[in-house]
Amino acid sequence: GSGNQCGFYVLLSDWRQLKPCMDILAEEEAKQPAAVILLCEQKGFAKAQLWNESRPSTSFPLYFLQIQEDRWVAELEQIISHVKQPLLQAPWTGSMAMVGTPFYDAV
């Protein structure tokens, strides 16, 4: 809707809560986040990537952060500062080996 310019937020979720959250965000009146960040453990990473390939398209990027990596807190801060700049729609260029680029939907 037209309320997108105020109330910036980023959704952090674990794998178990991600799908219910995405269901809510799919509703028409739901306020969309600037980004969704999935905090996942290594064992759930492949499953999350598989799910990501078949999910419906969204207006926001979805990032995967593996929380067993020591760097994840710093990377989380980098993502948030990146998505706070909606005018700069450049692809993510952070040093996130396990993410590389946000999972934007293929057109």
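Conventions we followed
- Residue indices follow the written sequence of each chain, beginning from 1 at its first position.
- It should be noted that, the model being predicted, local features are given only for residues of pLDDT at least 70 and side-chain atom pairs only at 80 or more, the latter also being counted only at that level, while totals for whole chains, interfaces and linings use all residues.
- Excluded from the side-chain calculation are hydrogens and water; included are all heavy atoms of the structure.
- Put simply, DSSP marks the helices as runs of H or I at least four residues long and the strands as runs of E at least two long, and each gets a number from the N terminus on.
- For each residue, the accessible area found with a 1.4 Å probe, counting protein chains only, is set against the maximum for its type, and the residue is called buried under 20%, exposed over 50%, and partly exposed in between.
- Accessibility throughout is a Shrake-Rupley quantity obtained with a 1.4 Å probe, and a residue counts as covered only by protein chains that appear here.
- Whenever a nitrogen or oxygen atom comes within 3.5 Å of another N or O atom, the pair is scored as a polar contact, on the condition that within protein one atom can donate a hydrogen and the other can accept it, and that pairs from neighbouring residues in sequence are kept only if both atoms are in side chains.
- A helix is expected to span 1.5 Å for every residue after the first.
- This arc is built from the directions going out from the helix axis to the C-beta atoms.
- Residue contacts are defined here by distance: any two heavy atoms, one from each residue, within 4.5 Å place the two residues in contact.
- Every axis corresponds to a line fitted to the C-alpha atoms, with the helix fit spanning only the stretch in contact, and the corresponding angles, defined between N-to-C directions, vary from 0 to 180 degrees.
- Roughly parallel refers to an angle under 35 degrees, roughly antiparallel to one over 145, roughly perpendicular to one between 65 and 115, and oblique to any angle outside these ranges.
- Crossing handedness: left-handed means the near helix sits turned counterclockwise from the far one by under a right angle, and right-handed means the same turn made clockwise.
- Gly counts as polar in this scheme, as do all residues outside two lists: the nonpolar Ala, Val, Leu, Ile, Met, Phe, Trp, Tyr, Cys and Pro, and the charged Asp, Glu, Lys and Arg.

What about the overall build of the protein chain?
Part 1 of the argument: What the protein chain contains, in helices and strands, is three helices and three strands.
Part 2 of the argument: Burial status across the protein chain gives 36% buried among its 107 residues.
Part 3 of the argument: Only carbon and sulfur atoms are counted for the fraction: they give 57% of the accessible area of the protein chain, which is about 6,900 Å².

Focus on the side chain of Arg 55
Part 1 of the argument: Summarising the element assignment, Arg 55 is placed in the loop between helix H2 (42-54) and strand E3 (62-66).
Part 2 of the argument: Looking at Arg 55, its side chain comes within polar contact range of the side chain of Asn 52, at 2.5 Å.

What to know about helix H3 (residues 72-83)
Part 1 of the argument: For H3, built from 12 residues, the straight-helix expectation of 16 Å at 1.5 Å per residue is met to within 8% by its first-to-last C-alpha distance of 16 Å.
Part 2 of the argument: For H3, the full list of buried residues reads Glu 75, Leu 76, Ile 79, His 82 and Val 83. An end-on view of H3 places all buried positions within 125° of arc, on one side of the element.
Part 3 of the argument: In this structure, the buried side of H3 is in contact with strand E1 (10-14), strand E2 (35-40) and E3.

Notes on the packing of helix H1 (residues 15-25) against H2
Part 1 of the argument: Contact pair H1 / H2: the axes reach a minimum separation of 11 Å and the direction vectors enclose 15°. On the basis of their axis angle, the class for H1 and H2 is roughly parallel. When you trace H1 past H2, the crossing you get is right-handed. Taking contact as the criterion, the partners of Trp 15, Leu 18, Lys 19 and Met 22 in H1 are, on H2, Lys 47, Ala 48 and Trp 51.
Part 2 of the argument: Taken together, the residues of the contact of H1 with H2 sort by class into five nonpolar, no polar and two charged.

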